[in-house]
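Here's the letter readout for the chains.
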Amino acid sequence: MLLTTSFDITLTAWALAFTAATVIGLSKAGIKGIAIVNVTLMALAFTAKASTGIVVPLLVVGDIFAVIYYNRHANWAHIVKFLPWILVGIACGVLIGNDLDEGLFKIAMAIIILVSVLMMYWWDRRKSKSVPTHWLFAGLVGTIAGITTMIGNLGGAFSNIYFLAMRVPKNEFIGTAAWLFLIINVLKLPLHIFVWETITVETLLFDLKLVPGIILGVFLGIRLVKIIKEDFYRKMILVLTALGAIMILIR
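Residues numbered from 1 in each chain as written. Predicted model: local features only at pLDDT ≥ 70, side-chain atom pairs only at ≥ 80, totals over all residues. Heavy atoms only, no water.

If you look the protein chain up in an unreviewed UniProt entry, it shows as Probable membrane transporter protein from Zobellia amurskyensis. What the UniProt record of the protein chain gives under Subcellular location (unreviewed entry) is the line "Cell membrane". (UniProt positions renumbered as here; feature names shortened; annotations may be inferred.)

Regarding empty space enclosed by the protein
Here the structure, examined in full by the defined rule, presents one cavity of 30 Å³ or more. By volume, the largest cavity is sized at about 330 Å³. For the lining of the largest cavity, the secondary structure elements donating two or more residues are α1 (11-28), α2 (35-45), α3 (48-70), α7 (156-165), α8 (170-195) and α11 (230-250). Residue contributions to the lining of the largest cavity peak at five residues, all from α8. (1 Å grid on protein atoms, 1.4 Å probe; cavity = no way out; pocket = protein on both sides within 12 Å on 5 of 7 lines; lining within 4 Å. Points joined across faces, edges and corners; volume = space filled by probe spheres on them. Helix = DSSP H or I, 4+ residues; strand = E, 2+ residues; numbered from the N terminus.)

Digging into the packing of aromatic side chains
Throughout the structure, instances matching the rule amount to 10 aromatic pairs. Relative to Tyr 162, the ring of Phe 82 has its centre 4.1 Å away and its plane inclined at 5°; by these criteria the two rings are stacked. One end of the pair, Phe 82, is in helix α4 (residues 76-96); the other, Tyr 162, is in helix α7, with 80 residues separating them in the sequence. Each of the two residues, Phe 82 as well as Tyr 162, counts as buried. Ring centres 5.9 Å apart and planes at 20° place the aromatic pair Phe 137 and Tyr 162 in the stacked group. Separated by 25 residues along the polypeptide, Phe 137 in helix α6 (residues 135-152) and Tyr 162 in helix α7 bring together distant segments of the chain. Joined through ring pairs, the aromatic side chains of Phe 82, Phe 137, Tyr 162, Phe 163, Phe 173 and Tyr 233 make up one cluster. Here the guanidinium or amino end of Arg 72 rests over the ring plane of Tyr 69, the centre of that ring lying 5.9 Å away. One cation-aromatic arrangement involves Arg 223 over Phe 219; the distance from NZ or CZ to the ring centre is 3.8 Å. (Phe/Tyr/Trp six-rings, centres within 6.5 Å; stacked < 30°, edge-to-face > 60°. Buried < 20%, exposed > 50% of the residue type's maximum accessible area, 1.4 Å probe, protein only. Lys NZ or Arg CZ within 6 Å of the ring centre and 35° of its normal.)

A closer look at the UniProt feature "transmembrane region" (unreviewed entry) in the protein chain
Listed under "transmembrane region" (unreviewed entry) in the UniProt record, and renumbered for this structure, are residues 12-31, 43-70, 76-96, 103-123, 135-165, 177-196, 208-225 and 232-250. In this annotation, residues 76-96 is assigned 100% helix and 0% strand; the end-to-end C-alpha distance for the span is 30 Å. As a span, residues 208-225 carries 89% helix and 0% strand, and end to end its C-alpha atoms are 26 Å apart.

Description of the packing of α4 against α8
The contact between α4 and α8 brings their axes to 11 Å, and the two run at 25°. Between α4 and α8, the angle is such that the two are roughly parallel. Considering only the axes of α4 and α8, their crossing is right-handed. On α8, the residues that touch Trp 76, His 78, Ile 79, Phe 82, Leu 83, Ile 86, Leu 87, Ile 90 and Val 94 of α4 are Glu 172, Thr 176, Trp 179, Leu 180, Ile 183, Ile 184, Leu 187, Lys 188, Leu 191 and Val 195. (Axes fitted to C-alpha atoms, helices over the stretch in contact; angles between N-to-C directions. Parallel < 35°, antiparallel > 145°, perpendicular 65-115°, else oblique. Left-handed = near helix turned anticlockwise from the far one by under 90°. Contact = heavy atoms within 4.5 Å.)

Structural notes on the side chain of Asn 185
Looking at where Asn 185 falls in the secondary structure, it is placed in helix α8. When residues no more than four places from it in sequence are discounted, the contact partners of Asn 185 are Lys 28, Val 56, Leu 59, Val 60, Asp 63 and Thr 149.

A few points about the packing of α6 against α7
For the pair α6 and α7, interaxial distance at closest approach is 8 Å and the crossing angle is 155°. With respect to α7, the element α6 is oriented roughly antiparallel. Our pair here, α6 against α7, has a crossing hand that is left-handed. On α7, the residues touching Phe 137, Ala 138, Val 141, Ile 144, Ala 145 and Thr 148 of α6 are Phe 158, Tyr 162 and Ala 165. Along the lines of polarity and charge, the residues of the contact of α6 with α7 split into eight nonpolar, one polar and no charged. (Nonpolar A, V, L, I, M, F, W, Y, C, P; charged D, E, K, R; others polar.)

Thoughts on the nonpolar core
Grouped together as the largest cluster of nonpolar side chains are 64 residues, with contacts concentrated most on Met 42, Phe 46 and Leu 180. Ranked by residue count, the leading element in this core is α1, at eight residues. One finds Val 60, Val 67, Ala 178 and Leu 182 within the second-largest nonpolar core, a separate group that totals five residues. (Core = buried A, V, L, I, M, F, W, Y, C linked by side-chain atoms within 4.5 Å.)

Digging into unusual backbone geometry
If you check the backbone angles, Arg 167 has positive phi at about 55° while not being a glycine. By secondary structure assignment, the location of Arg 167 is in the loop between α7 and α8.

Following this line, the structure appears as structure tokens:
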């Protein structure tokens, strides 16, 4: 059993989980790059693998709210180009997830994210308006995003890198990511239920009690996004994604 009963969960674990749910809401509402915070908080509250099963249904709830609000901004051309590679990565993640050394995985992922962020920063400093057009870019970033989203619910960092490289405007960024991750997280549900067995009736009942945290985060996030300027939003995503990579290393 991943959880015994809700009464056996410590007050600290409850606080960490509720805070993580609020962060999920903020992230899904458009404050991208902070998703690593919810992953870290859940891992502190529960074991690493158990926490992934608790988080996925919460992500789906957050995705639904985001799709409802930002649906009109979605760019399906990006989804069609990027999603197949993510599905390839998810399949790889299912196969290697049980035997992968978590410490090595975290280090490699953090390094890749930081190098990618530095490349994006350098790209912006050059004031170049060009975007990657070769299929290999979407293939590489998408496959890594799929592996990391399956193993650690951390695919958001790599999708951020992809959308930033494509120079997707703020609202289009949020709306496209909302649909992309709703599809991805719904597809991950049966894998967690039947393959890894990290989602049970008990974890779903626990998640249900955390939904108010998601609603609070979405409410705050929508208001923050409205006051954030386009140029600052891009810089904010780069900084938060880099900080997320550092948190992966030290958590």
